[in-house]
Amino acid sequence: MNSKYFRLLPAIIAMAAFAQDEGPAVTRADLAAAYQRVDGAFQMLELPGEEIAPLNKDFDTATLAFFQRRYGEAIKTINSVGARLLGAKSEGRVSTDLMAFRVLLDPPVYVNDKKPMLSATIESLYPPDNALDHEKLSVLLVREGTNEPVREFGFEIVANAGTQVKMMMTHTESESIPEGRYSVVLRTAQGDIAAGDYTVVDKSLDEAKAGFIKSLEGIKAGTPELEQAVASVRARANLLSDTPSPENTAQIVLNPIQLRQEIQAEIAALEKGNDPFKDRRGDHWRVIHTPDKDIPARVYLPAFAELSKPLTLVVAFHGAGVDENVFMQGYGAGEIKSLANKRGFLLVAPLTYDFGTNAGERFDALIDAIALAYPIDRARVYVLGHSMGGGMTASIAALRPDAIRAAACLCGFRGFGAATKTPPTLVVAAELDPLAQAKGVESAFNAAKAAGHNVEYKFMPNYGHTLVVGKVLPSTIDWLFAH
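Remember, it's a predicted structure, so these values are computed and weren't measured experimentally.

*Asks:* I'm lost on unusual backbone geometry in this one. Help?
*Replies:* With glycine set apart, most residues show a phi of negative sign, and most peptide bonds adopt trans. In this structure, Pro107 follows Asp106 across a cis peptide bond, with omega equal to 5 degrees. Structurally, Pro107 is set in the loop between strand S1 (101-106) and strand S2 (109-111). Phi is positive for Lys115, which is not a glycine, with a value near 45 degrees. Mapped onto the fold, Lys115 is located in the loop between S2 and strand S3 (119-124). Classification of Lys115 by relative accessible area gives exposed; the value is 61%. Notably, Ser387 is not glycine yet its phi reads approximately 55 degrees, a positive angle. Inspection of the secondary structure puts Ser387 in the loop between strand S13 (376-386) and helix H12 (388-399). What makes Ser387 buried here is its relative accessible area of 4%.

*Asks:* Hey, could you run me through the packing of aromatic side chains in this one?
*Replies:* A full pass over the atoms with the stated rule returns 10 aromatic pairs. Between Phe66 and Phe67, the ring centres sit 5.3 Å apart and the planes meet at 70 degrees, which makes this aromatic pair edge-to-face. By relative accessible area, Phe67 is classed as buried at 14%. Note on Phe345 and Phe481: the rings are 5.5 Å apart at their centroids and 45 degrees apart in plane angle, and the pair reads as tilted. With Phe345 in the loop between helix H10 (335-343) and strand S12 (346-350) and Phe481 in helix H14 (residues 468-481), this residue pair connects regions lying 136 residues apart in the sequence.

*Asks:* I keep staring at the environment of Ala482 and nothing clicks. Help me out?
*Replies:* As for its position among the elements, Ala482 is in the segment after H14. Judged by relative accessible area, which is 65%, Ala482 ranks as exposed. For the pair Ala482 and Ala406, spaced 76 residues apart in sequence, the C-alpha to C-alpha distance is 9.2 Å.

*Asks:* Teacher, can you tell me more about the sheet that holds strand S16 (residues 455-460) here?
*Replies:* Sheets are built from strands paired through backbone hydrogen bonds, the pairs being either parallel or antiparallel. Across the sheet, which stays open at both edges, the eight strands sit in the order S9-S10-S12-S11-S13-S14-S15-S16 with mixed pairing between neighbours. On the outer flanks of this sheet lie strand S9 (282-289) and S16, each paired with one strand and no other. Across the sheet, the mean angle from the axis of one strand to that of its neighbour is 20 degrees, orientation sign disregarded. Two strands pair when backbone bridges link them, and strand S11 (residues 311-317) and S13 are joined in this way by six bridges, in the parallel orientation. Of the residues in S13, the one forming a bridge with Leu311 is Ile376. Its contacts with the sheet put H14 on S11, S13, strand S14 (406-410), strand S15 (425-430) and S16, and the angle it makes with S14 is roughly 165 degrees.

*Asks:* Looking at this model, I keep getting lost on the nonpolar core. Mind explaining?
*Replies:* In a soluble, globular protein the nonpolar side chains are often hidden away together inside. Ranked by internal contacts, the top residues of the largest apolar core, which has 80 residues, are Val139 and Leu384. Considering each element in turn, this core owes the most residues, eight residues, to H14. Setting aside anything within four residues of it in sequence, one finds Val139 in contact with Val103, Leu105, Ala120, Ile122, Arg151, Glu152, Phe153, Phe155, Val184, Val185 and Leu186. Ranked by size, the runner-up nonpolar core spans 43 residues in total, among them Ala373, Met392, Ile404 and Ala448.

Rules and cut-offs
- Residues numbered from 1 in each chain as written.
- Predicted model: local features only at pLDDT ≥ 70, side-chain atom pairs only at ≥ 80, totals over all residues.
- Heavy atoms only, no water.
- Helix = DSSP H or I, 4+ residues; strand = E, 2+ residues; numbered from the N terminus.
- Buried < 20%, exposed > 50% of the residue type's maximum accessible area, 1.4 Å probe, protein only.
- Phe/Tyr/Trp six-rings, centres within 6.5 Å; stacked < 30°, edge-to-face > 60°.
- Pairing = 2+ DSSP bridges.
- Axes fitted to C-alpha atoms, helices over the stretch in contact; angles between N-to-C directions.
- Contact = heavy atoms within 4.5 Å.
- Core = buried A, V, L, I, M, F, W, Y, C linked by side-chain atoms within 4.5 Å.

Here it is as structure tokens:
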């Protein structure tokens, strides 16, 4: 694939001096938490255009700061958008200063067998603009499905404006915490802030992983289906950890207790010679096994989907800076899953970066691997992508025009290169987009149309680069399925 059709970021970003922020290192988990607060609130609200535009501008300012590695500035700007949106949903409004705090629990996974002491650290990811005068904060560990905390840490903050804050407290209780998934909540006088998830297990996840890997070593995969399945179960087992990485999104968003239970059942199926991913419903993380690379992907099939006839397949490529999990967790709070539920299609969201080389061959491998697990209709394969994923969508449409029924490039289209044949393609541009600027996208569209390609253009006023995705996905899926 020619790289000039793959790069979507303006030259100014590619040439920027990537200065690091001072202060604590901002992790992917921190950015994901801030983004999800904004994404969920924005998707729920119906705002007039005069309110949509400044929110999109500010969010894209954060995106530019992110690509320039000014992570503290990026997360502060995202939080300012979040504070405005959350204030629009309720009478109160949590300040951007208080949204600066992240919560770190130690150990990162609580293993009852080890009887650890539990400590909580709160620290500001960027200095507050205003002094904090005996600000009272509480870190609550709340079991999912309840409102009652099982642990609580109290902090009182005194800090000058512009001063970083970091405080730690250890809980003196040593009794076990019931195994389960917990929400971490930062409670302030202004309101509660979702601060992430926490896992409590009775037995070590590291030990469970070691046992699973050993069991997999004794399984001989004699068919393509089982080769794919064994590779996926091994990759899933490797996500289990007593010290999950804040840079591994799959370890952040997947429930390791549920994952451990699923892997145990998957290995039991493999030992009987069965493919545990065959016709699997719901949302799961897996890999697409190829000769030179295992490509991470999220796969979703609605519970009610009809399997007696071939399934329509939608392949969704994410943009730069995120990964295979964003379509399921973000881009409109997982709006594409709601659309899959509505229409009953099979959804696959792979890691876009892994298609940067051998894109056509790897796309073929993805379709073939999914066809081993599901009865897909190869005549109804649709592809869409955002930003970098939009460029990837155009590249694959040019490389494999006969394998794709229709395609959609959202805020990321620079044409089809020298290709003379492509499927019907929707090109979406956003008025305020600073990354895939509407003028450039429209120019590429006009060139593709003049070259005889079947393309259609959609312009989104008042929107920017990222928050547009959740809003435009419903009409995009409608457009694809009309072909």
